[in-house]
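# Breakdown of the fold
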Amino acid sequence: MLCVGFLRGINVGGKKKVSMEELKEMYAALGASKVKTVGNTGCVIYDSSECLFEPYVEKRLHKTFDMKISYTAIPFAYYKKALEEAPEWWGKNEDWRHNVLFLTHNYPVDKALQEIGELDPQYEQIYCKYGMIFWSSAFKDRKAYYKTQYSKLAKKECYPYFTIRNYNTALKVLEKSQKLHKELSR
């Protein structure tokens with residue numbers, strides 16, 4: 001089964017530095033094969049009999065890199081389908097920020113959405129599919145941005161459970177996953 005894994009908060013602003021080569025070696029040691037990474041983004045694509053169990057991977061991440069790193073993974077088929085079915089508005093408005101959010105530690109999506117609160121569609125939109133949250137919000141216009149729930153996300157109880165990827169990274173992960181999927185299908 002082809003899986004896509006996401007590590008939270010690594011290689012951001014010079015903090016929590018993780019070598020992608022060491023990360024690939026760690027996944028291989030866990031039994032994954034054909035391990036690929038997408039730049040230094042903390043996105044890992046791998047083949048395994050099933051997606052690697054979060055606590056197991058997190059324990060190994062801590063042992064390997066001597067730091068706490070949250071992790072989640074989803075089957076490639078779900079990732080691909082969610083992106084194919086993403087709403088038309090996601091990624092379109094150049095003045096907005098477009099992200100996809102993944103929850104770690106089985107944090108309930110419904111609970112996270114409740115904590116996020118009501119959105120003003122003039123400034124932001126959300127769509128959920130397979131536990132992935134597609135979120136677009138005003139960004140270039142800073143006054144509009146500060147009216148968004150996204151601007152307040154770091155203060156929410158659910159925030160430490162999110163790992164976030166921007167639109168471009170999400171598409172790069174899809175592209176690299178599709179290439180690996182073709183390779184495995186031969």
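Residues numbered from 1 in each chain as written. Predicted model: local features only at pLDDT ≥ 70, side-chain atom pairs only at ≥ 80, totals over all residues. Heavy atoms only, no water.

### Some remarks on the sheet that holds strand β7 (residues 132–138)
Backbone-to-backbone hydrogen bonds join strands into a sheet, with any given pair of strands oriented parallel or antiparallel. As a reminder of what qualifies: Paired strands, as defined in this entry, are two strands with at least two bridges between them according to DSSP. Working definition: helices are DSSP H or I runs of at least four residues, strands are E runs of at least two. Numbering for both runs from the N terminus. To get an axis, fit a line to the C-alpha atoms, keeping to the stretch in contact for a helix; angles then go from 0 to 180 degrees between the N-to-C directions. Working rule for contacts: check all heavy atoms of both residues, and any pair within 4.5 Å makes them a contact.
In spatial order, the strands read β6-β7-β5-β8; together these 4 strands make up an open sheet with antiparallel pairing. Edge positions in the open sheet fall to β6 (124–129) and β8 (162–166), since each of these has one partner strand only. Between one strand axis and the next, the sheet turns through 25° on average, direction left out of account. Contacts from helix α3 (residues 76–84) reach β5 (96–103), β6 and β7, with the element oriented near 35° to β7. Helix α6 (residues 167–185) contacts β5 and β8 of the sheet and is inclined by roughly 90° relative to β8.

### Details of the packing of helix α1 (residues 20–29) against helix α2 (residues 54–65)
Stated precisely, the cut-off is as follows: Angle categories: roughly parallel below 35 degrees, roughly antiparallel above 145, roughly perpendicular from 65 to 115, and oblique for all the rest. Crossings are sorted by hand: turned counterclockwise from the far helix by less than a right angle, the near helix makes the crossing left-handed, and turned clockwise it makes it right-handed. Basically, the charged four are Asp, Glu, Lys and Arg, the nonpolar ten are Ala, Val, Leu, Ile, Met, Phe, Trp, Tyr, Cys and Pro, and anything else, Gly included, counts as polar.
Look at α1 against α2: their axes get within 11 Å of each other, and the N-to-C directions meet at 135°. One element, α1, and the other, α2, form an angle in the oblique class. Our pair here, α1 against α2, has a crossing hand that is right-handed. Here Glu 22, Leu 23, Met 26, Tyr 27 and Ala 29 of α1 lie close against α2, whose contacting residues are Val 57, Arg 60, Leu 61, Thr 64 and Phe 65. In the contact of α1 with α2, the residues fall into 7 nonpolar, 1 polar and 2 charged.

### Quick word on the sheet that holds strand β4 (residues 71–75)
Reading across the sheet, the 4 strands line up as β2-β3-β1-β4 and stay open at both edges, with antiparallel pairing between neighbours. Of all strands in the sheet, those with a lone pairing partner are β2 (33–37) and β4, marking the two edges. The mean inter-strand angle of the sheet, taken between neighbouring strand axes irrespective of direction, is 20°. Judged from the 5 bridges that link them, strand β1 (residues 2–7) and strand β3 (residues 43–47) form a sheet pairing that is antiparallel.

### Here we look at the environment of Val 44
Here is the rule: Between buried and exposed lies partly exposed: a residue is buried under 20% and exposed over 50% of the maximum accessible area for its type, with that area taken using a 1.4 Å probe on protein chains only.
Within the fold, Val 44 resides in strand β3. Residue classification places Val 44 among the buried residues on the basis of a relative accessible area of 0%. With 21 residues separating them along the chain, Val 44 and Leu 23 place their C-alpha atoms 8.5 Å apart. Apart from residues lying up to four places away in sequence, Val 44 is in contact with Cys 3, Val 4, Gly 5, Leu 7, Leu 23, Tyr 27, Val 35, Lys 36 and Thr 37.

### A few points about the nonpolar core
As a reminder of what qualifies: Residues enter a nonpolar core if they are buried and are Ala, Val, Leu, Ile, Met, Phe, Trp, Tyr or Cys, with the set joined through side-chain atoms within 4.5 Å.
Counting 22 residues, the largest nonpolar core has Leu 7, Leu 23, Tyr 27, Tyr 46, Leu 61 and Tyr 71 as its most contacted members. In contact with Tyr 27, not counting residues within four places along its chain, are Leu 7, Ala 32, Val 35, Val 44, Tyr 46, Leu 52, Val 57 and Tyr 71. Core analysis: the next-biggest nonpolar cluster, separate from the first, contains 21 residues, Leu 2, Val 4, Val 38 and Leu 180 among them.

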